[in-house]
There are 2 protein chains.
Amino acid sequence: MSAKYVDVNTLKYMLYDVHKLEDLLPRERFQDHDKESLDMFLDSVKEFADRELFPYFKEMDEHPAYHKDGKVYVHDQVKKMMYQGGELGLISAPFDYKDGGMQIPLMTQTAAFYMLDAANNHLPGYAALTSGSAELIIHFGSKKLNETYVPNMLSGVWSGTMCLTEPQAGSSLSDILTKAIPTEEDHYKISGQKIFISGGDNDFTENIMHLVLARIEGAPKGTKGISLFVVPKNRPTTNGDLEFNDVTTVADFQKLGQRGYCTTHLGFGDADDCQGWLVGEPNKGLHYMFLMMNGARIAVGRGASAIACAAYYASLNYANERAQGRKLSSDGTKNLEEDQTLIINHPDVRRMLLHQKSVVEGSMSLVMLASKYYDLVETATSKEEKEKYHTLLEMVIPIVKTYPSEAGLQAVNNGVQVLGGYGFCTDFILQQYYRDIRIFSLYEGTTGIQSQDLLGRKVPMDNGKGLELLSQEVMKTIEAASAFSELQSHAQVLGTKLQLTQKVLGTLMPFAMKGDYERYLADATVFMEFLSLVLMSWTWLDIAMNAHQSMQDKASNFSNDFYESKIETMKYFYAYELPKTTGLAEILMNPETVTIKKDKEFID
Amino acid sequence: MSAKYVDVNTLKYMLYDVHKLEDLLPRERFQDHDKESLDMFLDSVKEFADRELFPYFKEMDEHPAYHKDGKVYVHDQVKKMMYQGGELGLISAPFDYKDGGMQIPLMTQTAAFYMLDAANNHLPGYAALTSGSAELIIHFGSKKLNETYVPNMLSGVWSGTMCLTEPQAGSSLSDILTKAIPTEEDHYKISGQKIFISGGDNDFTENIMHLVLARIEGAPKGTKGISLFVVPKNRPTTNGDLEFNDVTTVADFQKLGQRGYCTTHLGFGDADDCQGWLVGEPNKGLHYMFLMMNGARIAVGRGASAIACAAYYASLNYANERAQGRKLSSDGTKNLEEDQTLIINHPDVRRMLLHQKSVVEGSMSLVMLASKYYDLVETATSKEEKEKYHTLLEMVIPIVKTYPSEAGLQAVNNGVQVLGGYGFCTDFILQQYYRDIRIFSLYEGTTGIQSQDLLGRKVPMDNGKGLELLSQEVMKTIEAASAFSELQSHAQVLGTKLQLTQKVLGTLMPFAMKGDYERYLADATVFMEFLSLVLMSWTWLDIAMNAHQSMQDKASNFSNDFYESKIETMKYFYAYELPKTTGLAEILMNPETVTIKKDKEFID
């Protein structure tokens, strides 16, 4: 039996009990599914993860993907995962039936990929990017593009990538330079360089579809002049063969972590023979790409939470096996006649484990919540409903991407610490999680970018509509939780934190009003941390309330011990994490502007 | 010219301006030294670090020390560093003249090793451990042991280690099992296993002195029955040759970081032929070892601060070269006609750089302060003076070991983030610092152990004498700083934080009084974080006050820009770090006892 890396019960508890997936199933899109069929899908994915992903986790780190003579070589398991995952429906499950999908809720797909990410985060990206790029072609591409490329992608025979970043323009997509020149035929000639392309090359699929952002000659400057193209590594010829499309792998990036997941530098049109096909209309490329971005950002949060989850179980397992030290007696001494105690019995170790558990399960819940909003938008039956959940989704996205990445790293760091010196040794797996998770606060918009998005775009949008709607949702939970005497004090504290949020914004907003956006946004990252803790406390209150309700109802899904463990973890979060907001609010309301550059540079 | 990894001006500013090393030089022990001669020593060490350490930093990571056929192979540069470092006096500089030393202040030695650690933290440990084990022999060993072993150690021809940890007893030294059996001759027969032995074997020195904690047959249980032995890898024979002393290298530990610094598993007496010589008296081994421990813990804090320092300059360099994004104009848009701006101009990047600078320079100052207390103890001319500075030293040691390790990791993490995706790539050096620094919160007593030491031993010692003395020192700075109008508000805030400290302890102490030590110490690590921020704010106030004074005096040591950069960094610390204490105090005063195990295990 493989070591525990995820708790399927907790995952299902979040899906069904906390976030009530079954309420969505009567909707037309999902009507062929019921809990039983979705659980069968999840169980088969878990079994797949146990068998094909987890056993190769350490080995893929020790034998990273590498670049040689213009080709990238990946671990054999990538091929197996893509082909078998394609068969399982992993690449296409949430798509429409007509596009080869199973129309499963994103919530279920998120749970499935959570298990894959926790089992081996070096593998699922190959499938997820193929799924994302197929989705772009399906939604916005012509019928011909669809017929030519999509079926082989959904089966995992061909793979896909997203090509955004260029050397001179990291997070600044306005500055993209890759060129597309129209031809007499149906394609454009593409030329340019793309870096940091995940899954950008491999030695097993016969073809790779690159979804490339480029600028058509004469297009407007900035983000308004960016178009989206399908640029296959090998282009299909009229007789059904494939011929090389002048997409070269210039180099790869060797990395701190996720070493089995290749990252490449691609050259397009070095020999002036690279063809690309426009997806949708010209100059709308970034718009299309951003319609996919919410899903991509949920996926990043999911991945970070899942890595922290696997690290938690690895350190919990150690804490339950390792004996060291003794309990202090009431005179402050230790009885040396006693055997040493398991380290899980030391409060400091328990604190570190509870930190991990609270971050892991709370962020798992946030990721599920975002997926639920996504499903509600997709299946909304009225304009109002669609708008409401779209607004809520937009509001939580930057947090769902960022909190698991940042707090997840702290959680993994605590996991390393639980192992003591062994945590630093390569014979133990914690150090790999510590390396792997580091990329998540950089992926898909860094923490800084997400924080600007949260405070600069999401908070002010529609005159504060998003935060208002979100506060209403929080208030609903506060009211419902207040019905449980054990939760009243927690509910009340959360209420004061909502008020504190208003106070903080009351200090910051005037800067935006008078056009001093630099000052308004200077501490956006601190605000991100602040609001994340408030929302995490909300989701933990919700989790604890559901646990109380289930025990009260004598609901038989899980044991009382299971429910009590959720309630205790909520208490940890309210005792050790939420109070940090007091200090963060002080920072946010501090009039000092030391991070804004003045006349002279003093950072030396 | 090699890249900048440390600012020698800042180091000298801390030594001479902030911590007033020159006040110590008239003392008898140091009377042959003056600022000029000490600076010459420091400059020669910097030149040595530039030439022999920094250039090999990345290469030693990429080609780690390794174990093969019972031997450990280290990078060639280890030998060069030991021999040349020995010649430079690096191993012996703070020792007495009579023991082959230079009687330099520990403050100067700390500054010297700070530069070495910042240049390449994989190398100085070999010299530092040799120095530490030589010191044990010098102080507590017989004349014969001294004559036999010390000279070759100080020249770097032989190396030394400290052997404490055993597989069944990590941080719990009470449970050490290594055995020492008396013989008819002057030695004992040693048998046992030691793990995590840094610098435990190499392929270049002709001999290695292991300072081994072991239990003489029939000794009392626990820490009171532990003795200290010199156990050479090869024992000198009567005719002056060396013969193998049955110390075998069982294995090495491959690690996340510090990969050039070997970590070994040693077996003593596998063939029943391992001889050890008692150092000092029986059963006093741990006492001797702990007399060295303050120096060792200052060294760990120094190393962590130095790594964060090198990481800071690497990320600052990047931020000053990388252009990306544009400033927002007053209508919230960007002008695409403008060139992209250097990322150092973005407030969020400045925040991350200032965090790094404040942690690095503040912790450098704390490390210097501890070294100064050490020097004051060593050279005290009265019992009162000795006691006072010994108490202050004891008080700050756990913080000086822990804060640089914990906050240093956060600083390096910010350094990685400043580089964006490049921070995650092995072509850039930040990811190596991120790995290397992770060991420091585990070395020489984990953060948990240090925190128990702080709250469990140091705070209550002599009825709270330590904290009282320390508070008096803080108050002196507050009073002096209040003379500068620009610092009055900061001084006042620090005063309120001292009061908050008393309030926190007022909540915790009653648990200790009634013998509930488990509850008293449950949040020791949170208290550590709290008190560290208070002490860091103290040292930053001191730094800023000195800067103001120097500008006022028109002191010509450094430029006004230099002083202003220190003052601005202090402001950052007071605006962004010190306020965190408010939330931490809330946590510490929270009545919840969720981390103390009750009847049932709920961490699952």
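Residues numbered from 1 in each chain as written. Chains lettered and ligands numbered in written order. Predicted model: local features only at pLDDT ≥ 70, side-chain atom pairs only at ≥ 80, totals over all residues. Heavy atoms only, no water.

Helices and strands together make up the secondary structure of chain A, namely 18 helices and 12 strands. For chain A, the spread of C-alpha atoms along the three principal axes comes to 85 × 60 × 60 Å. Relative to its full complement of 604 residues, chain A shows a buried share of 65%. Within chain A, residue pairs in contact and separated by at least 24 positions form 76% of the contacts whose partners lie at least 6 positions apart. Total accessible area on chain A stands at roughly 21,600 Å², and carbon and sulfur atoms take up 50% of it. Separation between the mean location of the 58 positive side-chain charges and that of the 79 negative ones in chain A comes to 3 Å. (Helix = DSSP H or I, 4+ residues; strand = E, 2+ residues; numbered from the N terminus. Buried < 20%, exposed > 50% of the residue type's maximum accessible area, 1.4 Å probe, protein only. Contact = heavy atoms within 4.5 Å. Areas by Shrake-Rupley, 256 points an atom, 1.4 Å probe, with all protein chains shown as cover. Lys, Arg positive; Asp, Glu negative; His and termini not counted. Charge placed at Lys NZ, Arg CZ, Asp CG, Glu CD.)

With 399 residues, the main nonpolar core has F527 of chain A together with Y433 and F527 of chain B as its most contacted residues. Look past the residues within four positions of F527 of chain B in its chain and what remains in contact with it is L454, L455, V459, V504, L505 and L588 of chain B. (Core = buried A, V, L, I, M, F, W, Y, C linked by side-chain atoms within 4.5 Å.)

Annotation from UniProt places "domain: Acyl-CoA oxidase/dehydrogenase middle" (unreviewed entry) at residues 162–269 of chain A. The distance separating the terminal C-alpha atoms of residues 162–269 of chain A is 17 Å; by composition the span is 0% helix and 47% strand. (UniProt positions renumbered as here; feature names shortened; annotations may be inferred.)

Further remarks concern the pattern of salt bridges. A full pass over the atoms with the stated rule returns 84 salt bridges over all chains. Put simply, R235 of chain B and E243 of chain B hold a salt bridge, and the shortest N to O gap is 2.9 Å. The buried category is assigned to R235 of chain B, whose relative accessible area is 8%. One salt-bridge network, held together by shared partners, links R29, D96, K98 and D99 of chain A. (Salt bridge = Lys/Arg side-chain N within 4 Å of Asp/Glu carboxyl O.)

The extent of an interface is frequently quoted as the accessible surface area lost upon association of the parts. Contact residues are listed per partner, giving 100 residues for chain B and 100 residues for chain A. Between chain B and chain A the total buried area reaches about 9,100 Å² when both faces are included, carbon and sulfur atoms providing 57% of it. Viewed at the interface, chain A and chain B are joined by 12 salt bridges. Among the salt bridges present, the one from K357 of chain B reaches D604 of chain A, with a minimum N-O distance of 2.7 Å. The tally of links from chain B across to chain A stands at 42 residue pairs in polar contact (both at pLDDT 80 or more). With 9 residues, helix α17 (residues 560–577) of chain B is the single largest residue contributor to the side of chain B that touches chain A. (Buried area = accessible area lost by both parts, 1.4 Å probe. Polar contact = N/O pair within 3.5 Å; in protein donor to acceptor, adjacent residues only side chain to side chain.)

Let us look at the packing of aromatic side chains. Following the criterion strictly, the structure yields 49 aromatic pairs over all chains and no others. Centre to centre, the rings of Y13 of chain A and F562 of chain A are 5.3 Å apart; their planes meet at 85 degrees, and the pair counts as edge-to-face. With a gap of 549 residues between them, Y13 of chain A in helix α1 (residues 8–18) and F562 of chain A in helix α17 (residues 560–577) connect regions that are remote in the sequence. Like Y13 of chain A, the residue F562 of chain A is buried in the burial classification. An angle of 75 degrees between the planes, with centres 5.0 Å apart, marks the rings of Y126 of chain A and Y261 of chain A as edge-to-face. Of this pair, Y126 of chain A sits in helix α6 (residues 124–140) while Y261 of chain A is found in the loop between β10 (247–252) and β11 (263–268), placing the two residues 135 residues apart along the sequence. This pair shows no difference in class: Y126 of chain A is buried, exactly as Y261 of chain A is. Joined through ring pairs, the aromatic side chains of F196 and F253 of chain A together with Y318, Y422 and F428 of chain B make up one cluster. Note that R519 of chain A overlies the ring of F511 of chain A, its terminal NZ or CZ placed 4.4 Å from the centroid. A cation over an aromatic ring shows up here: R350 of chain B above the ring of F602 of chain A, its NZ or CZ 5.6 Å from the ring centre. (Phe/Tyr/Trp six-rings, centres within 6.5 Å; stacked < 30°, edge-to-face > 60°. Lys NZ or Arg CZ within 6 Å of the ring centre and 35° of its normal.)

Attention shifts here to the relation of the copies chain B and chain A. Note on the identical chains: chain B maps onto chain A by a rotation of 180 degrees and an axial translation of 0.0 Å, with an RMSD of 0.0 Å. Read as a symmetry element, the transformation amounts to a two-fold axis. Minimal C-alpha separation from the rotation axis in chain B is found for G583 of chain B, amounting to 2.4 Å. In this assembly the copies share their binding face: 100% of the residues contributing to the interface of chain B also contribute to that of chain A. (Least-squares fit on C-alpha atoms with pLDDT ≥ 70 in both.)

Note: most residues except glycine have negative phi, and most peptide bonds are trans. Residue and element names in this part refer to chain A. Here the phi dihedral of D69 falls at roughly 50 degrees; this positive angle occurs in a residue that is not glycine. Along the polypeptide, D69 turns up in the loop between β1 (66–68) and β2 (71–73). Positive phi, close to 60 degrees, is recorded for D272, a residue that is not glycine.

This paragraph deals with the pairing of strand β7 (residues 227–232) of chain A. All names here are of chain A. Along β7, 6 of the 6 residues are buried, which leaves the element largely enclosed by surrounding structure. Burial of β7 is two-sided: the residues S227, F229 and V231 facing one way and the residues L228, V230 and P232 facing the other way are all buried. In terms of strand pairing, β7 meets strand β12 (residues 275–278) through 2 bridges, oriented antiparallel. Bridge pairing links V230 to W277 in β12. (Pairing = 2+ DSSP bridges.)

Attention now moves to the side chain of T161 of chain B. All names here are of chain B. In this structure, T161 sits in strand β3 (residues 159–163). Under the relative-accessibility criterion, T161 is labelled buried at 0%. The contacts of T161, once residues within four sequence positions are left out, are S133, I197, S198, G199, G200, I208, M209, H210 and L211.

Before going further, it helps to examine the UniProt feature "domain: Acetyl-CoA dehydrogenase-like C-terminal" (unreviewed entry) in chain A. As annotated by UniProt and renumbered to match this structure, "domain: Acetyl-CoA dehydrogenase-like C-terminal" (unreviewed entry) occupies residues 472–594 of chain A. Helix and strand shares over residues 472–594 of chain A are 80% and 0% respectively, and the end C-alpha atoms of the span are 35 Å apart.

Our focus in this paragraph is the pairing of β3 of chain B. Moving residue by residue along a regular strand, the side chains alternate between the two faces of the sheet. Residues and elements named next belong to chain B. Burial runs high along β3: 5 of the 5 residues are buried. The pairing of β3 with strand β6 (residues 208–216) spans 5 bridges and is classified as parallel. Directly across from T161, in β6, lies its bridge partner H210.

Helix packing for two helices is described by the angle between their axes and how far apart those axes are. All names here are of chain A. α17 packs onto helix α16 (residues 524–552) with a crossing angle of 155 degrees between their chain directions and a minimal axis gap of 9 Å. In terms of orientation, α16 and α17 fall into the roughly antiparallel class. The interaxial crossing formed by α16 with α17 has left-handed handedness. On α17, the residues touching L533, M536, S537, W538, W540, L541, I543, A544, A547, H548, S550 and M551 of α16 are N560, Y563, E564, K566, I567, T569, M570, F573, Y574 and E577. For the contact of α16 with α17, the class distribution of residues is 14 nonpolar, 5 polar and 3 charged. (Axes fitted to C-alpha atoms, helices over the stretch in contact; angles between N-to-C directions. Parallel < 35°, antiparallel > 145°, perpendicular 65-115°, else oblique. Left-handed = near helix turned anticlockwise from the far one by under 90°. Nonpolar A, V, L, I, M, F, W, Y, C, P; charged D, E, K, R; others polar.)

For the rest of this paragraph, the subject is the packing of α1 of chain A against helix α9 (residues 347–378) of chain A. All names here are of chain A. Between α1 and α9, the shortest axis-to-axis distance is 10 Å and the interhelical angle comes to 45 degrees. By the angle between their axes, α1 is oblique relative to α9. By crossing handedness, the relation of α1 to α9 is classed as right-handed. In this structure, α1 contributes T10, L11, M14, L15 and V18 to the contact, and α9 contributes E361, M364, S365 and M368. Among the residues forming the contact of α1 with α9, the class breakdown is 6 nonpolar, 2 polar and 1 charged.

Across chain A, the average pLDDT comes to 95, with 100% of residues at 70 or higher. Model confidence for the complex: the whole-complex pTM is 0.97, and ipTM, which rates the interface, is 0.96. (pLDDT = per-residue confidence, 0-100.)

The first and last C-alpha atoms of helix α9 (residues 347–378) of chain B sit 46 Å apart over 32 residues, in line with the 46 Å expected at 1.5 Å per residue. Extensive coverage of α9 of chain B is indicated by the burial of 31 of its 32 residues. (Expected span 1.5 Å × (residues − 1).)

Our next topic: α6 of chain A. With 17 residues, α6 of chain A should reach 24 Å at 1.5 Å per residue; the first-to-last C-alpha distance of 24 Å fits that figure. When you tally the buried positions in α6 of chain A, you get 15 out of 17 residues, the bulk of the element.

Below, the discussion takes up the side chain of N121 of chain A. All names here are of chain A. Residue position: N121 is located in the loop between α5 (106–119) and α6. Side-chain polar atoms of N121 contact the side chain of Q258, separated by 2.8 Å. Within the structure, the side chain of N121 is placed 2.9 Å from the side chain of D436, a separation counted as a polar contact. In this view, N121 contacts F57, L116, Q258, I307 and D436; residues no more than four positions away in its chain are not counted.

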